[in-house]
Structures are given as structure tokens and as C-alpha cells.
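Observations on the model geometry
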Amino acid sequence: MDKSWMHADRRSLKFQIGVDNFLKFALANASDKSSICCPCMKCCNNDEFSIRVVKDHIYFNGIFAEYKQWKWHGEPSTMNNNRVAESETVDFHQDLGQLGDKNNAAFDNTVENDVAPIPLSGEEVLSRVKGYVGRNLATPGPNRSKFPLGSWNLLLEEKKIVCRSFFGMKVSSRFSSNVRNLVSMEDLRLVGLKSHDCHTIMQILLPIALRSVLAKPVRYAIIRFCLFFKAICSKVIDVSKLKQMQADLVDTVCLLEKFFPPSFFDIMIHLTVHLVREVELCGPVFLRWMYPFERYMKVFRGYVRNHNFPEGCIAENYIVEEAIEFCSDRFLDEGATTAGIPTKSLSGLCNGCKRLSGSVMVAVPYKQLQLAHLCVLRNTEDATPYFIEHMEFLKLIYPDMKKKKKWLREKQNATFADWLKERVANEMMFPHNQVSKALRWMAGGPRDLVPTYSGYHVIGVDFSTKDQDNKRTVQNSGVHLVADAMQVASAKDNNPKTRDMDFYGVIREIWEVDYYKFRVPLFKCDWVESSKGIKVDELGFTLVKLNRLGHSNDPFVLATHVKQVFYIEDPLDTDWSVVVRCPDRDYEGTLADEESDQIEVEHQPFIPTMPLVDTFDDLVGHQPSIHIRDGNEGIWIDN
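Residues numbered from 1 in each chain as written. Predicted model: local features only at pLDDT ≥ 70, side-chain atom pairs only at ≥ 80, totals over all residues. Heavy atoms only, no water.

**Remarks on the confidence of the model for the chain**
- Predicted confidence across the chain gives a mean pLDDT of 80, with 79% of residues reaching 70 or more.
- Across residues 79-107 the pLDDT falls below 50, and counting only partners more than four positions away or on other chains, this stretch makes 50 contacts in the model.
- A low-confidence stretch, residues 620-625 (pLDDT under 50), is modelled with three contacts involving residues beyond four sequence positions or located in other chains. (pLDDT = per-residue confidence, 0-100. Contact = heavy atoms within 4.5 Å.)

Pasting the structure below:
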């Protein structure tokens, strides 16, 4: 078989034909069709991969030129009657490590008719292994040199940690691609990334995956660079902070120059210095990048009905849509909806909510139903005056407990529903009462049977239960709530302080509390304990311990009051999870007179806190080996 292609240019047709013929030959002689030995310069037949991966390795790394007899791929041995041919002398760098596990072609039960070689004498064996006794088989030889890993290089175990972290990530719907499909655990690298995936990984996911690898100064420098892109791509940018953002970027690039080689600093790294100035002149980045145009191209593709004339279909449908919009603006009555758009997509179903699954009717315990009922009343504006009146009523009945806020709050929660029912009934006896229709139905209490769902759509965001997430590749069960709550110092604290607190949890059940005339969607959640289950680290990452639960006496929350988050297991400590907040995608349920600057549009997974540059000197100190990784791993270079 012609093997001259092994020395040809990898871009030539001769090399391509030779690689294809080699792979066909190897596959035909392989005992295991799923994987073969990789003969590239990097693997040198030490590793086995699929045909597709081996082909990529040969093109990227080149084929091992000294591999003249394809014995690991089924080529018959060319031994003579006495000794192994001189050109086929055992290469101890490769063969000694392969004799134990390379058996796909050498031990395939083929009967050999050649005369057995004469055993080597002790002196001959000693002369062959003399240069290798007492040395690592990976010691540099005359044709290869080993260089230590730089501070930016990941060790093999660190590569596995990072890839396992990416492989285990489950993000929310429409946040990015399925990260699991972008990870190749065979090659320990990311593959098949689209432009939006690169942005998401750079700004959000990479700082999390790197939390437990590399030296701390190097890791901080990379995270600073990621945080800059996170800040520059935000939808809301404080102009007064642009000067500080530019100064932070300059410090970050200087830190990168301390650890990365000069070849890393190409024109793309230099261009980042001009991004802040570009924002000052042109405005936020998200108004000028390519994603809206890519999304609109999808609309254009939907216009195509005749694939022989796609341009004509696009032009025709675009003109028709413009004509309909023109006519609707001039002929439809004021307040009428746009032609062709369903009413429910403008006004929303049940205040911007709709079901994503069938309902299951459940008879819930009375105590749970009363907690859900109390949650609805607490978040109803018409019931607020009645809560104030009831609190004054309790202080009048229990004067000794007037200063004990915690006791009064618990007493109100236990008695308010029955008191409101009686209070509204008495007020309804008067013809000109001020009780709203909604409060009349709420005061009577909900039905005993509650419809439950596994998925719910709330103002552009899909939520699902934890059990449903376990069956899917996305994570839509994480929720975040900012609420005015009492902060209790201890069990004996009768005068707790009230302030806004962050609550993180997981949706266990989705209810629709039925008040006969209307239904109110609620999420029943497992909330993380606020005192010992939530923390913020030095980089601004919010970490939660999902197995440390609290607030069991208040598990319900209105579906429209929560923000969606998802949790990523912390590589540093598997008991903790990093919180990543999802952006708001839909504002159809907002009021027409609401100011746009009051709408939260910030896509913020954590508080972007730049590590101070002064701390790097304390981290690095005067260690001369900070630029070289410890260990025996290195990079092999052909001389």
C-alpha cells in the first residue's frame, strides 16, 4: 500500500485520499468498529477514538511519520526468520506502553506461518533498554522536547473538572443552546458553539466553570475579563461609570499580560480597549449587534412558500404585511387590535399567564389551602385596608401583646380569613358598600379541589415543577423573589425588623386557586433558608444551599411576582449552587402608562464585582513559579 501521502502537505488532495484509504483499511481490520487507535502526532496510537475523531486528529496534528508499518490497524507483520527488521525496532516511547492494551489487530486469532524470531540475549535486551532504565518513558528524546505547562494551561484533571461542570449545566428555556450538547467528554473541549453560545459562555458560564481550577491570580484575571464583557453588553449602562469601566479594563489587560504569552495578544484583544469609547459614541451594544437581524431572517424564511423563488416570496409577503399595517392604522377604530394578532397575545390570559399542561384535580389539606388563600389576600390591593383594620382590632383585643410584632403577625395570619369573611358579609348588607367584586368572591374562600399543573407560562417566561425538570434538558423550576419580610434574630425575638429580602427556591407544585368566578395561579415552592442557606462570595456570585430549606410556613407565592433563575452546581463545593438570573423577555402584561425606565431589563446573573488589583500582589507575592504549573504534565514539541 502506498504510504507516501504521510509526508505530503495536509492541504493536498493526495493527503486527503491517503487519509480516507487509511481509515477504510483500519476500519475493515478493526475488531471493534466503534473505535480505533489514533496515529496522529499527539496520540501516537496511545488512545482510541471513533473514526470521525481520528480523522480530525490526523488533519489537525498530522500523522506520526515513523509509523511505517500499520501494525495497530491490522497490517501483517514483516518479520524475517531471525530478527525484527531494523526499521521496525521497538520504539519504547510508544510500544512499551501499548503491549498491554493494544489487542485489536495483533491478537485477532489469525494463524501466523512465519518462523518464530530467535529470543534476544540478556546483553541485547540490556543494550536496547539501557537508555530508559530508571527514567520516565515520556522523557524528552533527540527528536522531541518537553516544555512545562504555562500558568494559563489546564491540567488534565482540571480539563475534566471544567468539562464536567459544563456537561452538568441545565439552563432555562431559550437562555442558550443545550450546554450538554456542546461538550465533548472524549476530547475534553467545547464543540459546535454558535455566536450566541460564545457570548453566553464568555459572560456567564465560564466564570462559574473556572471557580476551582488554575491559580487564583490567573483565574481572577480571566474572570475580570469576562465581567467586562458582561458589563459592556448590559441593556442598561450607567454613563457615569464608563470611565471606571475603562480603567478596570486597562488593569485587566495588564494582568493578562503577566500570565499569558505574547501570541495571545492579537488585534482582537487590543480592540477591547476601544469598546468603552464606542459605547460613549454609539450607545449600548445590544442595539447594534447582529442578533435582531438574525432573528428577523428567521421571519423571512417563514415567508418562503416556493423554494424555487425565495426572494419573490419574501418581497411579496413583506409588501402584504406593510399594506395590512397601513390600512389597520387608518381604518380600524382607536383601541382596536392589529389585524391578524390574537387578542390573548396582547392582553394576556389571566394577567399574562397560560397553562402549559393539562390539569390534575387534587383535594389538598385544609391548612395548605388556607396558606394559599392567605397568600392571595396578602397580595390583593383591595384587601390592604382590611389588614390594617384587623391589626388594629387585634391590638384592641390583646393590649398586652401590642408591642410584640411577631406574635401579632402570626395571630393575624391565623384569624384574618375568617374575620374578613364575616366583615365583608356585614358590609354587604348595606346597599352602597365599597366592596369590590373580586374581594367579594375572595372573602368566601376558594374551592376545596385545586387544579395543579406541571408547567405554566407567565409574562413571556415558562415555569415548570422540579419533577418536570428532572425529565427534561432545561431547568425552569428555579425562582427568585424580593419581598418585604420580618427578619427574626432568634426564637425569642418579639420585635423583628422588616426589610426587603431575597428569597431563592424551587417550584414543587403549580396551583390555580379557584374562587368560582376566576382563578389565581400560585407556585408552591421549597424556599432556601435565608440565614445559613444563602451567601455572596468575594466575586459577587450568589450561592445557595438547596438542601437547606426554610420558610415552611409560607411556601406559596403569586406566579406573577417571581423572577426565573437557574442553579449551577458550584465546582468548589457541591453542596452549594451558583444562582444565575434569567432576563425578562416579554412585557405584554405591563400597563400602557408605565415608564420604560422602571422596567427591569438587566440580564444579571450575579453582581459584577471586579476583584481589586491590589489583592493580586498579595496573592502572587514573590513566587517565581507563578508562571509555571506544578506537576509532571507538559507540552511535547518536535525539534
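**Here's the deal with the nonpolar core**
- If you look at the biggest cluster of nonpolar residues, it comprises 52 residues, and the most contacted ones within it are Phe166, Leu205 and Ile232.
- When residues of this core are traced back to their parent elements, those giving at least two are α4 (156-167), α5 (195-209), α6 (216-232), α7 (242-259), α9 (275-282), β18 (563-569) and β19 (577-581).
- Sorting elements by how many residues they give to this core places α6 first, with eleven residues.
- One finds Leu374, Tyr386, Leu420 and Val450 within the second-largest nonpolar core, a separate group that totals 26 residues. (Core = buried A, V, L, I, M, F, W, Y, C linked by side-chain atoms within 4.5 Å. Buried < 20%, exposed > 50% of the residue type's maximum accessible area, 1.4 Å probe, protein only. Helix = DSSP H or I, 4+ residues; strand = E, 2+ residues; numbered from the N terminus.)

**Here's the deal with the packing of aromatic side chains**
- Evaluated as defined, the whole model comprises 24 aromatic pairs.
- An angle of 45° between the planes, with centres 6.3 Å apart, marks the rings of tryptophan 5 and phenylalanine 22 as tilted. With a gap of 17 residues between them, tryptophan 5 in the segment before α1 (13-29) and phenylalanine 22 in helix α1 connect regions that are remote in the sequence. For the pair shown, tryptophan 5 and phenylalanine 22 are each scored as buried.
- Measuring from ring centre to ring centre gives 5.8 Å for phenylalanine 25 and tryptophan 70, while their planes differ by 55°; the resulting arrangement is tilted. Here the residue phenylalanine 25 occupies a position in helix α1, and tryptophan 70 occupies one in the loop between α2 (51-61) and α3 (122-129), the gap between them amounting to 45 residues.
- Look at tryptophan 70 and you get buried, because its relative accessible area is 1%. (Phe/Tyr/Trp six-rings, centres within 6.5 Å; stacked < 30°, edge-to-face > 60°.)

**A look at the sheet that holds strand β10 (residues 461-464)**
- The strand order β6-β9-β10 describes an open sheet built from three strands, whose pairing is antiparallel. Whereas interior strands pair on both sides, the edge strands pair on one side only; in this sheet they are β6 (353-355) and β10. The mean angle between the axes of side-by-side strands here comes to 25°, regardless of whether they run parallel or antiparallel.
- For strand β9 (residues 455-458) and β10, the ladder comprises four bridges, and the chain directions are antiparallel. (Pairing = 2+ DSSP bridges. Axes fitted to C-alpha atoms, helices over the stretch in contact; angles between N-to-C directions.)

**A word on the environment of asparagine 413**
- Checked against the element boundaries, asparagine 413 lands in helix α15 (residues 405-427).
- Asparagine 413 gets classed as partly exposed once you look at its relative accessible area, which sits at 33%.
- A C-alpha to C-alpha distance of 8.6 Å links asparagine 413 and leucine 371, two positions 42 residues apart in sequence.
- Setting aside chain neighbours within four positions, we find asparagine 413 in contact with Leu374 and Arg378.

**Digging into the side chain of histidine 73**
- Structurally, histidine 73 can be placed in the loop between α2 and α3.
- Judged by its relative accessible area of 2%, histidine 73 falls in the buried class.
- A polar side-chain atom of histidine 73 sits 2.8 Å from a polar atom in the side chain of tyrosine 67. (Polar contact = N/O pair within 3.5 Å; in protein donor to acceptor, adjacent residues only side chain to side chain.)

**Topic: unusual backbone geometry**
- We note that arginine 174 has phi near 65°; this positive angle belongs to a residue other than glycine.
- In this structure, arginine 174 sits in the loop between α4 and β4 (183-184).

**Focus: the packing of helix α10 (residues 291-303) against helix α11 (residues 310-331)**
- Running from N to C, α10 and α11 cross one another at 100°; their axes reach a closest spacing of 8 Å. Overall, the two elements α10 and α11 adopt an arrangement that is roughly perpendicular. Counted together, Tyr296, Phe300 and Tyr303 of α10 and Cys313, Ile314, Asn317, Tyr318 and Glu321 of α11 form the full contact between these two elements.
- Class assignment for the residues of the contact of α10 with α11 results in six nonpolar, one polar and one charged. (Parallel < 35°, antiparallel > 145°, perpendicular 65-115°, else oblique. Nonpolar A, V, L, I, M, F, W, Y, C, P; charged D, E, K, R; others polar.)

**Regarding the pairing of strand β13 (residues 519-528)**
- Burial runs high along β13: eight of the ten residues are buried.
- Of the strand pairs in this sheet, strand β12 (residues 497-514) and β13 are connected by nine bridges, and their pairing is antiparallel. Counted as the bridge partner of valine 506 is aspartate 526 from β13.
- Between the end of β12 and the start of β13, which pair antiparallel, lie four residues, with tyrosine 516 showing a positive phi angle near 70°.
- Where β13 meets strand β17 (residues 556-558), three bridges bridge the pair, whose relative direction is antiparallel. Within the sheet, the bridge partner assigned to phenylalanine 523 lies in β17 and is valine 557.
- Pairing analysis gives two bridges linking β13 to strand β16 (residues 549-550), with the strands arranged antiparallel. Bridge pairing in β16 links tryptophan 527 to glycine 550.

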